[in-house]
Every structure is written in structure tokens, then in C-alpha cells.
Amino acid sequence: MDASDLIAMSKPARGEAGRTGDWRSARPVVDASACIAATQDRVTCQICWAHCPDACIEQGAPPAVDLEFCKGCGICADVCPAHAIAMVPEAEHGVCEAAEGGTR
Amino acid sequence: MTVRIITGNEAAAWGARLARVQVVAAYPITPQSPVVETLSAWVESGEMPAELIAVESEHSAMSVCIGAATAGARAFTATSSNGLAYMTEQIWWAAGARLPLVMCVANRSLAAPWNVLNDQQDSMSVRDAGWVQLYCRDNQEVLDTVVQGYRIAERLNVPVMVCYDGFLLSHTAMPVEVPDAAAVDAFLPPRPQPLQIVDPADPRNIGPVVMADPRRDADGVLRGAYLELRAAHHEALLEALEAVPEVGEAWARATGRPGCGLVAEHRLDDAEIALVAAGSLVTQSTLVADLLREEGLPVGVLGIRCCRPFPAAAVRERLRGVRAALVLDKALSYGYAGPIATDLRAALYGTPDAPAVYGAVCGLGGRDVTPEALAEAARAALADARAGAVERPLAWIGRMAREEAR
Amino acid sequence: MTGGMVEVRWHGRGGQGAVTAAKVLAQAAYLSGWESVTAAPSFGAERRGAPVTASTRMADEPIRVLSQVTTPDVVVVLDDSLTSAVDVAAGLKPGGTVIVNTVDAEFAVPLPEGARLVRADVTGAAQAAGVVVGGQPIVNTAVLGAFAKATGLVTFEAIAEAIAGAFSGSAAERNIEAARIAYECVRE
């Protein structure tokens, strides 16, 4: 008998919670010219990697974000001491001409 | 009267507000939390003159309600699932102390495994605790039953548990007639004098240890012991078999809404098979019965509103002439049968030409019970009934087949 | 099994307010003269950003079905990026309508034959009307304007009244204005 048919169990796995990259309304974009690791060309700092709650940042110079799973929470941008990460909206929005005329 | 599009949780909160509840004590748990969030907002804004006491657990929530009710206040709480389980010790205490509390239970499954969705295992697991248990079919009945609950509770000095399906009702908005405060005030006067007196000038020890045998009190009167008090409690609950429909009728007179009694019935008169359920499944079952009637299948519905006390005489009467009852339990006494099926079999035992009682379990942990699945289960039950089957193994509606799993 | 009833399924992300939209639409439908309405979230825990659904039903007789909507007449998608993750048209009834919040006038989703696709930049409408919380445009009231225009199932006046009942003061005004802009901006 398979124990998973008798009790509820799950295991840590890539994408266990689904393709969480779909949740994102803004994406982190790393500016390599400002990133401490990238400018030193060494795997230093990595504060974004350490803080990512979804473990979707890979260590590097600069670190790389896996956009398949990044939810766009913005913590990496917030903790970056060099302000090298910008949260860029996934879409730009506007208003059509018909609506610019005022009340209906 | 105002029609509002509100959830079951909001309807419960409206019931408590209209009943002029004076003390609310609760601890948050899904799917109940919006009840107390709503009450909390009203208390904060001054729309509801009540004391809202935030506590550190459900056990404490019930403890606070016990204290408030003992002092004579009209007290209210709400919980679900593991919160109800954690509260269990005090649930028994409130009942044994004969306190007229009303508690809402937004029905949810019990862990493990963890699951926040609906079934009725939580409240069914405490059905022996000495509370009146009423199950609601829709959000209107939630509001109506909370207010009626106080009148029943204060008449009989027993607590009343108002149960409604988590998410299916607790989080589903639908039109609800919210009666005027004046109509509710006329129906439900302020709480009468409590059984117990809390007065420093006339001190009592409320809830002392009671010996096994009767003994004389300080005034020399021979008083019953634990067993006699429990017998009196049982008799008070049996009185609810009269009080519940009477209060429902009084509510109908006060608000102009149809009264609700111990059971609800739908097209039972010439039914060969009755779908028996409690809660929102009753509403959905009436739809299924109508659809099956269009196929020429004589199906009716018996809704159990009052599960404790169990309306044995009413179900015997309503199921007379029916070949079989298919009981749709959203709970299970593991190792035996569904609670409503068990009670129904006991109620029908020895009745001449009693219908067969087929047990089915459905909806556990929020599994969707579709009209199609219910119709299929009813068709199968009718075929078995016509073939003369007296007993069947427990049916699991919607259970994944083993071969699908691989 | 559901003659005489209109079923609406909402697709959004946790935090976008699909549940509130479903509920305000139910209110508006009631005000528009439907006898019975229900609104429900997809049952269970919600996580900010995760795909979620909600439902609204409207009928001319009491609604007795409480299970989740699986064969909608109308699908409303609050965020076009959802269409790559979720089959939003799943179970759509013949002749059904899908309303998508998108900036892309050419936006397409796979639809069953005979289904209608309606597009509106609802986020733009919310942004222009100042319905913005924490820097994010909130689309759940604006989209109701698009719903009214696209389906005719509820009136714009009922939408405005329902929004006014759900919000107070200037917030109500901004939300109604957002719905008006979205109403005007609907494109087939």
C-alpha cells in the first residue's frame, strides 16, 4: 500500500504550487551596471537571493530571476542595497477616446 | 423589512444584531471569521451596542460566553471546525449549566488532513453535548434561526447551535429579508431572569461538584444529583420538539415570513424515494427532486432542520408510504454510519412498513455535490428500493475510482 | 439543468477583487429586476496574485443550485495574462460571451464556435478614474461597466447604484466613473 493513499503528504519540488510566474503584475529587472555582484564580477552580496521567498533567484553576478516562478512580490527590489532592481509593470494601460468625453 | 444581498456569515451577524446580543466573544477561524468581523465593525461604529471581547482561543470564547450568560447577558459566539473541537469542553459546560447561548457554526471539515472547506463533521461531532442543533437551508434561514434561537434557548434554558454550510452559505451572497428591529423586538423581548442569580447579597455557588446520590441542600430540601440534573436536561431538549415549531410560527406571525419547523418537506406525498439531508443540501435536493419528477421518477425531499433533539415522530409521519430514504450525510461516525442515517434508522425501527434507509456520504472536505451526482444517486437508490433492497453498503457520492488514481 | 438562469464565472487573481465584483454584480442584477441572485467565491484559501474564480448567478425564480459554476453563460477575465494559465472559456455555454480586460485590441483566446469575445482596457479605466490602491489600479468595479455594456443583463444605472451601496462618498464616485469609462471602452 502506498502511504500517500492513506495520509496527506507532499514533497518540495519545483513548481509544486503551480506556475507561480502567472501571478505577477510587475517583474524584477536587474540593472547589471548597478548590481554590486555584477560590478565586482564576483558572487558577492546576493542579498536578493537570500530574501527571495520563492527561491526563484539563482546566485550569480548578477543573480538571475526565474520568471516562470517569480510572483513579482518585489522583496528583491526592496532589499537591494544598490537599488539595482526595478519592478517593471507587465502592461501599460490607457483610456479609449469614447470615454474621454465625460459623463454618459 | 429590507432585502439585502448578503452572505450566510453576514446573515448570522444580522441575526445577532437584531437579537440585541450584548456580549460577543470569538476567535477567528475560516469560514466563520466574517461573522465576527461584521459584528466587530458594528460595535466599533456604535451601530450595535454590545461588548466585543477578543479572546485567545475558542475555549476562551465559550468561557466568556458562559460568564456573560451566567451574569444574565445575551451572549453570542461563532466558530468552525477545529475551533469547535477546541471549544468542546466548554460546549458541554454551557449546556450542563443550562445557559441560553446561541452559537453559529459555519460548518467545515475537521483535520487531519487540513482542509478549510465544508462538511458537517464539526457540529455533528458534538451533537450529544446537550445543545439544540438547527441546520439552515439558506441565508434567510440563518438570520431567522439565530433570532429564533434565542427565544428557544431562553424558553428552555438550553443553548442553541445554528449550523450552516461553510462557503456554500457562509460565503455565498443571496437575497435575504432583514426584518425591522421593531418587529424583532416584539418577537424577542429582553432576556428573562436567568435560572442562576449572581448577587453578592444573596450568594450562590454556581456549578459546584455534585455527588452521585441525591442529598439535602442548606434548606433541607432533597435535591437530585448528577443523574437527576442530566435527566432534566434531556427533558428540556425533548421540549424543544414543541418549542422549535412554535417559535417558528411566532416568527412567521411577527415577520410575515414562512415559519420553519423541525423538518422541511418537498413533494413527499406520493414519493417512492425521499432524499434526506440537513443544511444547504436540502435546497439543492429540491431542485434534484423536481428534475427527476420530470423524468417520471417519484422523488421527494425531507430536510432535517432540527437534528437535536431528533424529530423522530415527525420523520416517521413524513416518511410514511415511502419505499426508501436516501440519507445524504456530510459527516460520518467512522466505523459505522452517517449520523443522520443512524438517527433515522433508529427513529423508524419497529414502525410498520418502515422505509429502507440507505446511507450515502457526500461533500466531505468541500467535494462539490452537483445536482447531476445527486440525481444519479437518487436513480440508483430508487432502482434498489424497487428491487426490494432493505440494506445497502454505505455509498460514497463522487468518490474517485481506484483505477482513475493511477 | 439551469433553464432561465444566467451563470457568470469570474477569473481574476487573488487581491484583484473578483469576489467583490461578483457580489456587486449580484446586487446590480437584483436592482435590475432579476428575482433571485447569488454570488460566491471559488471556495477555499486565496493567495494574492494566484488565479482565482468567483461566480454570479441571476434567475427569474429562486436559485437552488449552490455548486460551483461549470457551464457559464458569461466569463469575465480581470487580467488577460490569466488566459495563458487558465482555460477561461472552459464549459462556456453555446452563444456565450467572454469579456477580457486587456490593452490589446486584437487580444484573442481560444473560444468555442459561436462564442463572443469582448475586450476592454478596464485597468486603464480604473487608472483614469483614480481607482488605485497602493499604486495598483483596482479593476473590480470598472469591469462592471464593461459587463453591463457587453451583455445587457444589467443596466448601467443598477451598476452605479450597487457601487454606491458598496462604497461611500468620493470612493463611490470614483468607482462609478471607472465603470462609466469601461462601459464606453468596450470593443467587440
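Residues numbered from 1 in each chain as written. Chains lettered and ligands numbered in written order. Predicted model: local features only at pLDDT ≥ 70, side-chain atom pairs only at ≥ 80, totals over all residues.

Asker: How should the overall build of chain C be read in this particular structure?
Answerer: Helix and strand content of chain C: five helices and eight strands. Written out in order from the N terminus, the α and β elements of chain C read β-α-β-β-β-β-β-α-β-β-α-α-α. Since a compact globule built from 188 residues should have a radius of gyration of about 16 Å, the 15 Å found for chain C is in line with a globular shape. Principal-axis analysis of the C-alpha atoms places the extent of chain C at approximately 40 × 35 × 35 Å. Looking at chain C as a whole, 57% of its 188 residues qualify as buried. Of all intrachain contacts in chain C linking residues separated by at least 6 positions in sequence, the fraction that spans at least 24 positions is 59%. (Helix = DSSP H or I, 4+ residues; strand = E, 2+ residues; numbered from the N terminus. Rg over C-alpha atoms; globule rule 2.2 N^0.38 Å. Buried ≥ 20, exposed ≤ 12 C-beta atoms within 10 Å, placed from the backbone. Contact = placed C-beta atoms within 7 Å.)

Asker: What am I meant to see in the sheet that holds strand E15 (residues 324-329) of chain B here?
Answerer: Sheet strands pair via backbone hydrogen bonds, and the direction of the pair is either parallel or antiparallel. All names here are of chain B. Spatial strand order, E11-E13-E12-E15-E16-E17: six strands in an open sheet with mixed pairing. Strands with a single pairing partner mark the edges of an open sheet, and in this sheet they are strand E11 (263-266) and strand E17 (395-396). Summarising the sheet, strand E12 (residues 273-277) and strand E13 (residues 299-304) pair through five bridges and their orientation is parallel. Within the sheet, the bridge partner assigned to Ala274 lies in E13 and is Gly300. Helix-sheet contacts for helix H9 (residues 280-294) involve E11, E12, E13 and E15, and the interaxial angle to E13 is about 170 degrees. (Pairing = 2+ DSSP bridges. Axes fitted to C-alpha atoms, helices over the stretch in contact; angles between N-to-C directions.)

Asker: Whenever I open this one, helix H8 (residues 226-255) of chain B confuses me. Can you help?
Answerer: An α-helix turns once every 3.6 residues. As a result, residues three or four positions apart point the same way. Residues and elements named next belong to chain B. Taking 1.5 Å per residue as the helical rise, H8 with its 30 residues ought to reach 44 Å, and the 41 Å between its terminal C-alpha atoms agrees with that figure. The largest bend in H8 is about 35 degrees, located at Leu241, with the proline Pro245 one to four residues further on. All buried positions along H8 are accounted for by Ala240, Ala243, Val244, Val247, Gly248, Trp251 and Thr255. Next to the buried residues of H8 lie strand E6 (132-135), helix H6 (139-156), helix H7 (181-187) and strand E14 (306-308). Of the residues flanking the end of H8, it is Gly256, one or two places downstream, whose phi is positive at about 75 degrees. (Expected span 1.5 Å × (residues − 1). Bend = angle between axes of the 7 residues up to and from the residue.)

Asker: Hey, could you run me through the confidence of the model for chain C in this one?
Answerer: On average, chain C scores 92 in pLDDT, and the residues at 70 or more come to 97%. Scoring of the predicted complex yields 0.91 for pTM and 0.92 for ipTM. (pLDDT = per-residue confidence, 0-100.)

Asker: Sorry, what's going on with the interface of chain B and chain C here?
Answerer: Where the parts come together, the accessible area they lose is often given as the size of the interface. Across the contact, 21 residues belong to chain B and 19 residues belong to chain C. Listed by contribution, the elements that provide at least two residues to the side of chain B that touches chain C are strand E8 (174-178) and H9 of chain B. Ranked by residue count, the leading element in the side of chain B that touches chain C is H9(B), at six residues. Residue composition of the side of chain B that touches chain C, by class: twelve nonpolar, eight polar and one charged. (Nonpolar A, V, L, I, M, F, W, Y, C, P; charged D, E, K, R; others polar.)

Asker: Looking at this structure, I do not really get the interface of chain C and chain A. What am I missing?
Answerer: On the chain A side, the residues contacting the 21 residues of chain C number 17 residues. Elements with a minimum of two residues in the side of chain C that touches chain A: helix H2 (122-128) and helix H5 (169-184) of chain C. Among the residues forming the side of chain C that touches chain A, the class breakdown is eleven nonpolar, six polar and four charged.

Asker: Help me out: how do you make sense of the environment of Val390(B) in this one?
Answerer: Here Val390(B) lies in the loop between helix H12 (371-386) and E17. Taking C-alpha positions, Val390(B) is 52 Å from Ile53(B), a pair spaced 337 residues apart along the chain.

Asker: Just to check I follow, could you spell out the nonpolar core for this structure?
Answerer: Buried together is how nonpolar side chains tend to be arranged in soluble globular proteins. Core analysis: the biggest nonpolar cluster contains 200 residues, and Cys65(B), Val276(B), Leu326(B), Ala378(B), Leu25(C), Ala142(C) and Ala182(C) have the highest contact counts within it. Among the elements that line this core, the one with the most residues is helix H1 (residues 18-31) of chain C, at ten residues. Composition of this core by domain shows at least three residues from each of domain 1 (2-187) and domain 2 (264-405) of chain B. Setting aside chain neighbours within four positions, we find Ala378(B) in contact with Ile273(B), Leu275(B), Val288(B), Leu292(B), Val299(B) and Leu326(B). (Core = buried A, V, L, I, M, F, W, Y, C linked by C-beta atoms within 7 Å. Domains from an automatic or database assignment.)

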